[in-house]
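Inside the fold
Single-letter residue listing:
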Amino acid sequence: CTFFHCKTTIPVFYLAIASEMERILKQISSLEQDLQKDDRTFPVSYKYIQNSTLPGTQQVSGVLIDMAKHLGNLQFRVWEKMKEIVQFTPVILNPNTANRWLSVSDNLTSVRFNNIGQQITDNPERFTQYAKILGSEGFSSGKHIWEVEVGDHPEWNLGVAKETIDRKGEILASPAYGIWAILNRNGVYQSGKGEPLAFEKLKRIRVQLDFTSGEVSFYDPKDMTHIYTHKDTFAERLYPYFLVGLAGSLGNVRTEPLRPCTPL
């Protein structure tokens, strides 16, 4: 191109890039707001932004512009920003697995013991013996992190369970039965192997699954105190796992539903 031609097109090009960056930053801002909502808008928004592209970034010669600096890394820098925000796995509960004593919220993000058994279909996925439920998405590779608000609830199990776990029998929350979890019984904590865990009341638990390394770890996200780690070899897909006990077992103590969530 001629010198005159380059002088007239470069500013237009930069305006297009600036406009595109502004659009993406608005999407990031919108995503940050979605992360604070207690509904299912985040996974939808994230998927939409994840599929967004930067048009026109390969159509301009690099004669006078450092393309690697100004364009080649633009999408990378945006996704670096996204990775700072999206570090956790959203957990959506699967109501088809819920025991009849459990009530799942309309947005499928929390569950409570309802004291009145529901008349529901005994489908193959459903737990029938204990008040258990699984997440809707399983994992067979990689690292995944989620947190669970347990609040003042007096009785719960949480962790991961293998896909082929027995849904109808009386099984324990133990690796021997395909469950890697920690348990709370009225403030007495233990691992799924029956080992006692000496902790004060835990309000929120971080679950960290490293499928490849064969580890399921639990932390208190308040100060990232390590609670416990299961080490094993995982041979099949794992799902977020929850058991919710009777909320009234501590009398007048205020109780809350278990709420899997995507923390900031």
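Residues numbered from 1 in each chain as written. Predicted model: local features only at pLDDT ≥ 70, side-chain atom pairs only at ≥ 80, totals over all residues. Heavy atoms only, no water.

Under the annotation held in an unreviewed UniProt entry, the protein chain carries the name B30.2/SPRY domain-containing protein and is attributed to Oncorhynchus kisutch.

**Some details on the side chain of K132**
Put simply, the rule reads: Numbering of helices and strands starts at the N terminus; helices are DSSP runs of H or I of at least 4 residues and strands are runs of E of at least 2. Summary of the burial criterion: residues with accessible area below 20% of their type's maximum are buried, those above 50% are exposed, and those between are partly exposed, where the area comes from a 1.4 Å probe applied to protein chains only. By the counting scheme adopted, Arg and Lys are positive, Glu and Asp are negative, and His together with the chain ends is not counted. A pair is scored as a salt bridge if a Lys or Arg side-chain nitrogen falls within 4 Å of a carboxyl oxygen belonging to Asp or Glu. Residues are treated as being in contact if the distance between any of their heavy atoms lies within 4.5 Å.
Here K132 shows up in strand β3 (residues 132-134). Buried within the structure, K132 lacks any salt-bridge partner; its nearest side chain of opposite charge belongs to D166, at an N-O separation of 8.7 Å. Contact partners of K132, with chain neighbours within four places excluded, come to T97, A98, N99, L102, F127, I171, I179, Y241, F242 and L243.

**Overview of unusual backbone geometry**
Outside of glycine, negative phi angles account for most residues, and trans bonds account for most peptide bonds. Located in the positive-phi region is L108, a residue other than glycine, with phi close to 65 degrees. Within the element layout of this structure, L108 appears in the loop between β1 (102-104) and β2 (111-113). The class of L108 is buried, set by a relative accessible area of 18%. One non-glycine residue with positive phi stands out, namely M224, at about 60 degrees.

**As for the packing of aromatic side chains**
The cut-off we apply is this: Pairing of aromatic rings covers Phe, Tyr and Trp, the last counted by its six-membered ring, and requires centre-to-centre distances within 6.5 Å; plane angles under 30 degrees mean stacked, over 60 mean edge-to-face, and any other angle means tilted. In our convention, an over-ring charge means Lys NZ or Arg CZ found within 6 Å of a ring centre and within 35 degrees of that ring's normal.
Considering all chains together, one arrives at 5 aromatic pairs under this definition. Cluster of aromatic residues (ring-pair linked, three or more members): W180, F211 and F234. Just above the ring of F127 sits the side chain of R167; from NZ or CZ to the centre is 5.4 Å.

**A look at the pairing of strand β9 (residues 204-210)**
The line we're drawing: At least two bridges found by DSSP between two strands are what make those strands a pair.
Here β9 lies mainly inside the structure; 5 of its 7 residues are buried. Two elements, strand β4 (residues 143-149) and β9, share 7 bridges in a ladder whose sense is antiparallel. Paired with V148 across the strands is I205, a residue of β9. Sheet topology note: the β9/strand β10 (residues 215-220) ladder contains 5 bridges and is antiparallel. Looking at β10, one finds that R206 is bridged to Y219. Following β9, the chain reverses through 4 residues before pairing antiparallel with β10; G214 in that reversal takes a positive phi of roughly 70 degrees.

**Some thoughts on the confidence of the model for the protein chain**
The criterion, for reference: On a range of 0 to 100, pLDDT expresses the predictor's confidence in each residue.
Looking at the protein chain, the pLDDT average stands at 76 and 65% of residues meet or exceed 70. Here residues 38-42 is a poorly scored stretch, pLDDT under 50, and it has 14 contacts once near neighbours within four places are set aside; other chains count. Across residues 249-254, where pLDDT falls below 50, the model places 6 contacts with residues more than four positions away in sequence or in other chains.

**Structural notes on the nonpolar core**
In plain terms, the rule: Each nonpolar core is a collection of buried residues, namely Ala, Val, Leu, Ile, Met, Phe, Trp, Tyr and Cys, held together in the definition by side-chain atoms within 4.5 Å.
Grouped together as the largest cluster of nonpolar side chains are 33 residues, with contacts concentrated most on W146, L158, I182, I205 and F218. Elements with a minimum of two residues in this core: β2, β4, β5 (155-162), β6 (179-185), β9, β10, β11 (225-231) and β12 (238-244). If you look at the next biggest cluster of nonpolar residues, it comprises 12 residues, including I171, I179, L183 and L243.

**Focus on the sheet that holds β3**
Ordered in space as β3-β12-β5-β6-β7-β8, the 6 strands form an open sheet in which the pairing is antiparallel. The open sheet is flanked by β3 and β8 (196-197), the only strands paired with a single partner. Summarising the sheet, β5 and β12 pair through 7 bridges and their orientation is antiparallel. Bridging from a neighbouring strand, L158 pairs with F242 of β12.

**Things to note about the pattern of salt bridges**
A complete count under the given rule lists 7 salt bridges for this structure. Ionic pairing is found between R204 and E149, a salt bridge with its closest N-O pair at 2.9 Å. Here R204, found in strand β9, pairs with E149, found in strand β4; they are 55 residues apart in sequence, far enough to count as distant. A salt bridge links D152 to K203; the shortest N-O distance between them is 2.2 Å. Separated by 51 residues along the polypeptide, D152 in the loop between β4 and β5 and K203 in the loop between β8 and β9 bring together distant segments of the chain. Taking relative accessible area as the criterion, D152 reaches 11% and is therefore assigned buried. Residue K203 is classed as partly exposed on the basis of its relative accessible area of 44%. Connected via shared salt-bridge partners are E147, E149, R204 and R206.

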